[in-house]
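Residue-level structural notes
Residue-level listing of the chains:
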Amino acid sequence: MNATFSTRQVSVDSTREASVDSTRENLIRVWSPYVRLFHWSLVLCVAVAWLSSGEIMKVHELAGYGAGVLIASRLIAGLAGSGYTRFRQFVRGPQTVSLYLADVAKGRERRHLGHNPAGGAMVLALLACVAGIALTGWMQTTDAWWGVAWVEDTHKILGNGILVLVGLHVGGVLLASVRHHENLVRAMLTGRKRAPSPQDVA
């Protein structure tokens, strides 16, 4: 009796180990070290800049400059980089984005190995918003633009608008994680995602 139970337990354990090994083998590298470093560094800069706004201006300015440098590097990588870093790989037109969102609403959107069309649009929106915040922030440190109302107003509007974009971004990540049964936050930490199936968009 005990021998039979032991044999069955070994069989179950072996099956589980084989399943885990198979899962690991099916993971492929998608996000480069640069993309992951950029992503989390920008998250840190935006969070620090927003939390220090009106409180510790030196820290606020340094975080803003850091975000500006990151945005510049991402623009270069998006144009001259390769693979899933390149804008050409994931940036799509308005019609494609609209069709994808319609599929999302119907629960039939395809899984994309890189950014899906809505995710690509969000990347551009976040880059533009952070760039605008950094630019108008810098403008307020110059003699020519200091105290100019529209510059200050634009900086504040974009500063609040980034929260809306971040909320939509996080919501989209969570929805895609649930729909496609993969942890996209972990993927942005490890760089690896599940290998594409024939139905996925690689």
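Residues numbered from 1 in each chain as written. Predicted model: local features only at pLDDT ≥ 70, side-chain atom pairs only at ≥ 80, totals over all residues. Heavy atoms only, no water.

On the surface, a nonpolar cluster with roughly 340 Å² of combined accessible area is contributed by Trp 40, Val 43, Val 185 and Leu 189. Elements with a minimum of two residues in the nonpolar patch: helix H2 (33-52) and helix H8 (184-190). Assignment of secondary structure puts Trp 40 in helix H2. The exposure class of Trp 40 is partly exposed, given its relative accessible area of 33%. (Patch = residues over 30% accessible without salt bridge, like charges linked within 9 Å, V, L, I, M, F, W, Y side chains within 5 Å. Areas by Shrake-Rupley, 256 points an atom, 1.4 Å probe, with all protein chains shown as cover. Salt bridge = Lys/Arg side-chain N within 4 Å of Asp/Glu carboxyl O. Helix = DSSP H or I, 4+ residues; strand = E, 2+ residues; numbered from the N terminus. Buried < 20%, exposed > 50% of the residue type's maximum accessible area, 1.4 Å probe, protein only.)

A few words now on the confidence of the model for the protein chain. Per-residue pLDDT for the protein chain averages 89, and the proportion of residues at 70 or more is 88%. This model gives residues 2-23 a pLDDT under 50, and the stretch forms 0 contacts once residues within four places in sequence are excluded. (pLDDT = per-residue confidence, 0-100. Contact = heavy atoms within 4.5 Å.)

Attention now moves to the environment of His 60. Checked against the element boundaries, His 60 lands in helix H3 (residues 57-80). The exposure class of His 60 is buried, given its relative accessible area of 14%. Counting along the chain gives 10 residues from His 60 to Trp 50, while the straight-line C-alpha distance between them is 7.5 Å. Apart from the residues lying within four places of it in its own chain, the contact partners of His 60 are Ala 49, Ser 52, Ser 53 and His 155.

Bringing helix H5 (residues 94-106) into the picture now. In this model, H5 (13 residues) spans 18 Å end to end at C-alpha, consistent with the 18 Å of a helix rising 1.5 Å per residue. Residues of H5 that are buried: Val 97, Tyr 100 and Val 104. On an axial view of H5, the arc spanned by its buried residues comes to 65°, and they lie on one face. Among the exposed residues of H5, those oriented more than 90 degrees off its buried face are Gln 95, Leu 99, Ala 105 and Lys 106. On its buried face, H5 sits against helix H6 (117-139) and helix H7 (149-180). (Expected span 1.5 Å × (residues − 1). Arc of directions from axis to C-beta.)

Time to look at unusual backbone geometry. At His 181, a position not held by glycine, the phi torsion is positive, near 55°. Structurally, His 181 can be placed in the loop between H7 and H8.

Our next topic: the environment of Gly 107. Here Gly 107 shows up in the loop between H5 and H6. For Gly 107, a relative accessible area of 45% corresponds to the partly exposed category. Residues Gly 107 and Arg 179, 72 residues apart in the sequence, show an inter-C-alpha distance of 8.1 Å.

What follows deals with the packing of aromatic side chains. The full count for this structure, using the stated rule, is 4 aromatic pairs. Taken together, a centroid distance of 6.0 Å and an interplanar angle of 80° make the contact between Phe 87 and Phe 90 edge-to-face. One end of the pair is Phe 87 and the other is Phe 90, both in helix H4 (residues 87-90) and 3 residues apart, which spans about a single turn. Here Phe 87 and Phe 90 have matching classes, each one buried. (Phe/Tyr/Trp six-rings, centres within 6.5 Å; stacked < 30°, edge-to-face > 60°.)

This part covers the nonpolar core. Counting 17 residues, the largest nonpolar core has Leu 42, Leu 127, Val 130 and Ile 162 as its most contacted members. If one sorts the elements of this core by residue count, H6 sits on top with 7 residues. Not counting chain neighbours up to four residues away, the residues in contact with Leu 127 comprise Phe 38, Ile 71, Arg 74 and Phe 87. By size, the runner-up hydrophobic cluster in this structure holds 6 residues, among which are Val 30, Trp 31, Tyr 84 and Met 188. (Core = buried A, V, L, I, M, F, W, Y, C linked by side-chain atoms within 4.5 Å.)

What follows is about H6. An α-helical turn contains 3.6 residues, so a residue and the one three or four places further along point in the same direction. Between its first and last C-alpha atoms H6 spans 33 Å; for 23 residues at 1.5 Å apiece the expected length is 33 Å, and the two agree. If you check which residues of H6 are buried, you get Pro 117, Gly 120, Met 122, Val 123, Leu 126, Leu 127, Cys 129, Val 130, Gly 132, Ile 133, Thr 136 and Met 139. Taken together, the buried residues of H6 touch H2, H3, H4, H5 and H7. One side-chain oxygen of the residue at the start of H6 lies 3.1 Å from the amide nitrogen of Ala 118, identifying that residue as Asn 116. (Polar contact = N/O pair within 3.5 Å; in protein donor to acceptor, adjacent residues only side chain to side chain.)

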